[in-house]
Amino acid sequence: MRRTALLRIIYLLLLVFVASAALLPSLLGDVRTGLGPYASTVAPAAPSVGEKGTIVLGTSPDYPPYENVDAKKGGEIVGMDIDIAKFIAAQLGFKLEIAAMDFNGLIAALQTGRVDFVMSAMSVTEERKNNVDFSSTYYVARNTIVSRESEPYETSESLGGKIVGTQLGSTQDLYAQTLEGAELKKLNRIPDLIQELKTGRVHAVIVEDAVAVEMTAANPDLIMTFLPPGNSKDGYAIAFPKGSALVESFNGALEEMKASGQIDAIVDKWFATGREPQADSFLNLNFGILKGYIPYMLKGVYVTLLFTLVSAAFGFIWGTILSLFKISGIRPLEWFATAYTSILRGTPLLLQLFLIYYATPQLFQYDISPLMAAGLAFGLNSAAYLSETIRGGIMAVDKGQREAAMSLGIPYRTMMISIILPQAVRTILPALVNECVALLKESSLVSVIGVQDIMRRASVVQATEFRALEALLFAGVIYYVLVLVLTSLAHLLERRLRRSD
Amino acid sequence: MINVTELTKTFGKHQVLKGITTSVRKGEVVALIGPSGSGKSTFLRCLNLLETPTSGIITINDTELTNRHTNIGKVRQRIGMVFQHFHLFPHMTVMENITFAPRRVKGVPAGAARDKAIALLERVGLADKADSYPSRLSGGQKQRVAIARSLAMEPEIMLFDEPTSALDPEMVKEVLAVIQGLASTGMTMLIVTHEMKFAREAADTIYFLDDGRLVEKTPPAQFFEEPQSERAKRFLEKVL
């Protein structure tokens, strides 16, 4: 009797769970359209060239002037690569869609069919060639040493015995390995390099010409020295999935563009972009650069909040189901819930996030959107923790409450929902608030799969302005204010729930 | 009305009920007394299956509770139970405590459930507490609300499990008065109690349990004047 009732309540909760999962895409669809050009973040399921006449470009828009988010113009992705891609797509009669993602995810995106081609200032390496096909090169960049004006390094020889920063996996990273006696420090992003250089943790950094120009313009205390051009096969090329039919037609279009001078025109347009030198102020911070970016960064609040809400609600419902499994007295359910909790708590959240985002299209042929993947990963993870909290809360409710309800003939489901859970939730409310605060802050992890949350937007501003600290500090303030608001709301709720005491 | 045949209950290795056979007729008021650990409460809790009997048969109005196919929820609606520690729902007001089960289990309309609750609260003398939360009530008041909550389901049988044991002495009387009033309405009741005076005045029959057996089953006058068994005599010597 009790068991069938329990099964029924579990069944009901599962229904809610499935329904919310079904609603998720439409909810999240909202977010994407709310982001303007970032609507294109998500490629259509199994992109098929020709059929719809649309091709999807994958790029990591944090590398001006090749590609970056023009935050001041509503977040459009612009740059030299983008202009070339648009030109070729138009030549070949395709409609172009742009999918923004982390540079490290680009190859995976090609392999899983998430995008049709990648232009992201990507140079040709043997390793990459094993996994993707490349077009001919369209631009060759010069390696450039950037150092502090107060401690200049102007030749590659002078870097012997010094600490040299490079961007992990970049062509300059490979070049720097040939420097004799230099100790290399490899970082993920250009803004990180700038900060390391400015604080003196590295003596110099080696980046390519375009980046060096922007870095020195944004940071007047830095100087640059161009190194002689290297081998032309080290240039940038367009990447395709292995065996893509597009390679040939793209190569043809590139040749035409080179012959007609179109490529040079685009290069000139983007490299000529001057930048007014900015005066450094107190503590070498210049919050003036945030001007124009503030609305852009604040839009991330909506994404972060929605994301937190979705994963918290999902986590709570699924966590409740798991906690009921754990106290059900039905062996397989107990075993499942325990194993689930053990695995989800025992592996890093970041790993779960990557797995869900990258493995879902490959295993289930379903092109999961970044926000949905993130909501799922955080919800599943949070549920593992919450199931223990909720179980504790249910156990803490006086056994007599259950008996009183049973003696009144109240069915199991009604008893759980209206009598036991409200009392359990009241007991565990502080723990639930903790979980929400943690989720809100952990949500910054989603920036790694390209969701436009507060943290991701801060990175975009860092990358476009070539300044590391200001946007981060501003993001920190936003997070802190959000947590303050959240905790005050929780206090109000707690007071309301305690009115019966 | 209630028939119990060879009822046993075992917790682990400990046999708490060692075969109890009895029947209670409609309108009968039974007081269960006996030393602690004699199985009084367990017996009572078996009657609405809060404890599952190990063996034996319980039937209530021809419905066999111990049959696996019996809808126990339905049966429990007809059996009210009042606990030693009240077990009011702390997150609901007195009114919500009383109207919750009629509305959610029997589908009584809100207005009717409310009217009924007000009438019941008047009957237990707490009409002014309808909108209070249980935490604002004294023990005696809580127990009276608990009785009203049970009565709201219009049960045919009421079970009381030491209803005054957790109360301060000055509150015992108000609760016993309510129970006694209920007895006079012809309700079938089984009461586990340590209040000998009350048992003598209110009950039609005394069940004396000792070591899991129903040792004596006699009218109060006879039980208190001339107990049959040695064990009952010793028990009465201690408590009177």
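Residues numbered from 1 in each chain as written. Chains lettered and ligands numbered in written order. Predicted model: local features only at pLDDT ≥ 70, side-chain atom pairs only at ≥ 80, totals over all residues.

1. Quick notes on the overall build of chain A
Consideration 1: The helix and strand tally for chain A stands at 17 helices and 13 strands.
Consideration 2: Looking at chain A as a whole, 43% of its 501 residues are labelled buried.
Consideration 3: Counted over contacts in chain A with a minimum sequence separation of 6, partners at least 24 positions apart contribute 75%. (Helix = DSSP H or I, 4+ residues; strand = E, 2+ residues; numbered from the N terminus. Buried ≥ 20, exposed ≤ 12 C-beta atoms within 10 Å, placed from the backbone. Contact = placed C-beta atoms within 7 Å.)

2. A word on the packing of helix 12 (residues 349-364) of chain A against helix 13 (residues 370-396) of chain A
Residues and elements named next belong to chain A.
Consideration 1: Where helix 12 contacts helix 13, the axes come no closer than 9 Å and their chain directions differ by 135 degrees. What the angle tells us is that helix 12 and helix 13 run oblique. Handedness of the helix 12/helix 13 crossing: right-handed. Where helix 12 approaches helix 13, its residues L349, Q352, L353, I356, Y357 and T360 are matched on the opposing element by P370, A373, A374, L376, A377 and N381.
Consideration 2: Split by residue class, the contact of helix 12 with helix 13 holds 9 nonpolar, 3 polar and no charged. (Axes fitted to C-alpha atoms, helices over the stretch in contact; angles between N-to-C directions. Parallel < 35°, antiparallel > 145°, perpendicular 65-115°, else oblique. Left-handed = near helix turned anticlockwise from the far one by under 90°. Nonpolar A, V, L, I, M, F, W, Y, C, P; charged D, E, K, R; others polar.)

3. Considering the UniProt feature "transmembrane region" (unreviewed entry) in chain A
Consideration 1: Feature annotation in UniProt assigns "transmembrane region" (unreviewed entry) to the following positions: residues 301-325, 337-359 and 471-493 of chain A.
Consideration 2: For residues 337-359 of chain A, the helix share is 91%, the strand share is 0%, and the end-to-end C-alpha distance is 23 Å. (UniProt positions renumbered as here; feature names shortened; annotations may be inferred.)

4. Observations concerning the environment of R402 of chain A
Consideration 1: For R402 of chain A, the position within the fold is in helix 14 (residues 399-407).
Consideration 2: Once residues within four sequence positions are removed from consideration, R402 of chain A is found in contact with M415 and I420 of chain A.

5. Section: the sheet that holds strand 9 (residues 163-167) of chain A
Strand pairing in a sheet is mediated by backbone hydrogen bonds. Such pairs are either parallel or antiparallel.
Residues and elements named next belong to chain A.
Consideration 1: Taken in spatial order, the 5 strands make up an open sheet running 10-9-11-8-12, and their pairing is mixed. Each end of this open sheet is capped by a strand with a single partner; those strands are strand 10 (183-187) and strand 12 (222-226). Each adjacent strand pair in this sheet contributes to an overall mean axis angle of 30 degrees, direction not counted.
Consideration 2: As paired elements, strand 8 (residues 143-148) and strand 12 share 5 bridges and run antiparallel to each other. Within strand 12, the residue paired with S147 across the bridge is I223. (Pairing = 2+ DSSP bridges.)

6. A short note on the interface of chain A and chain B
Consideration 1: Between chain A and chain B, the contact holds 18 residues from the first and 20 residues from the second.
Consideration 2: Contributions of two or more residues to the side of chain A that touches chain B are made by helix 14 and helix 15 (412-442) of chain A.
Consideration 3: The dominant element in the side of chain A that touches chain B, judged by the number of residues it contributes, is helix 14 of chain A, at 6 residues.
Consideration 4: Of the residues contributing to the side of chain A that touches chain B, the split by class is 8 nonpolar, 7 polar and 3 charged.

7. Quick look at the nonpolar core
Consideration 1: If you look at the biggest cluster of nonpolar residues, it comprises 121 residues, and the most contacted ones within it are F117, V146, A239 and A374 of chain A.
Consideration 2: The contact partners of V146 of chain A, leaving out residues within four places of it in the chain, are L197, A204, V205, V207, A212, M215, T216, L222 and M224 of chain A.
Consideration 3: Grouped together as the second largest cluster of nonpolar side chains are 80 residues, V75, F89, V175 and M189 of chain B included. (Core = buried A, V, L, I, M, F, W, Y, C linked by C-beta atoms within 7 Å.)

8. Examining the environment of F224 of chain B
All names here are of chain B.
Consideration 1: As for its position among the elements, F224 is in helix 8 (residues 220-225).
Consideration 2: The spatial distance from the C-alpha of F224 to the C-alpha of L236 is 7.7 Å, given a sequence separation of 12 residues.
Consideration 3: Setting aside residues up to four positions removed in sequence, F224 forms contacts with R200 and L236.

9. Details of the confidence of the model for chain B
Consideration 1: In the predicted model, chain B carries a mean pLDDT of 92, and the fraction of residues at 70 or more is 100%.
Consideration 2: This complex was scored by the predictor with a pTM of 0.69 and an ipTM of 0.92. (pLDDT = per-residue confidence, 0-100.)

10. Notes on the pairing of strand 3 (residues 29-33) of chain B
Residue and element names in this part refer to chain B.
Consideration 1: Across the 5 residues of strand 3, 5 count as buried, placing the element largely inside the fold.
Consideration 2: In the sheet, strand 3 pairs with strand 8 (residues 188-192) via 4 bridges, with the strands oriented parallel. Residue pairing across strands places V30 opposite L190, the latter belonging to strand 8.
Consideration 3: As paired elements, strand 3 and strand 9 (residues 205-210) share 4 bridges and run parallel to each other. Bridging across to strand 9, A31 finds its partner in I206.

11. Digging into unusual backbone geometry
Consideration 1: One non-glycine residue, Q365 of chain A, adopts positive backbone phi at about 55 degrees.
Consideration 2: Of note, Q365 of chain A is situated in the loop between helix 12 and helix 13.
Consideration 3: Look at Q365 of chain A and you get exposed, because 11 C-beta atoms sit within 10 Å.
Consideration 4: Here N61 of chain B, not a glycine, exhibits a phi torsion of approximately 50 degrees, which is positive.
Consideration 5: Assignment of secondary structure puts N61 of chain B in the loop between strand 4 (55-60) and strand 5 (63-64).

12. Some words on the confidence of the model for chain A
Consideration 1: Overall, the prediction assigns chain A a mean pLDDT of 82, with 86% of residues at 70 or greater.
Consideration 2: Mean pLDDT across the elements of chain A ranges from a minimum in helix 1 (residues 2-34) of chain A, with 51, to a maximum in helix 11 (residues 331-346) of chain A, with 95.

13. Focus on the sheet that holds strand 1 (residues 2-11) of chain B
Residue and element names in this part refer to chain B.
Consideration 1: The sheet built from 4 strands is open, its strands ordered 2-1-4-5 with antiparallel pairing. Either end of the sheet is taken by a strand with one partner, and the two such strands are strand 2 (14-24) and strand 5.
Consideration 2: Taken together, the 5 bridges between strand 1 and strand 4 define a ladder with antiparallel strand orientation. Bridging across to strand 4, N3 finds its partner in T59.

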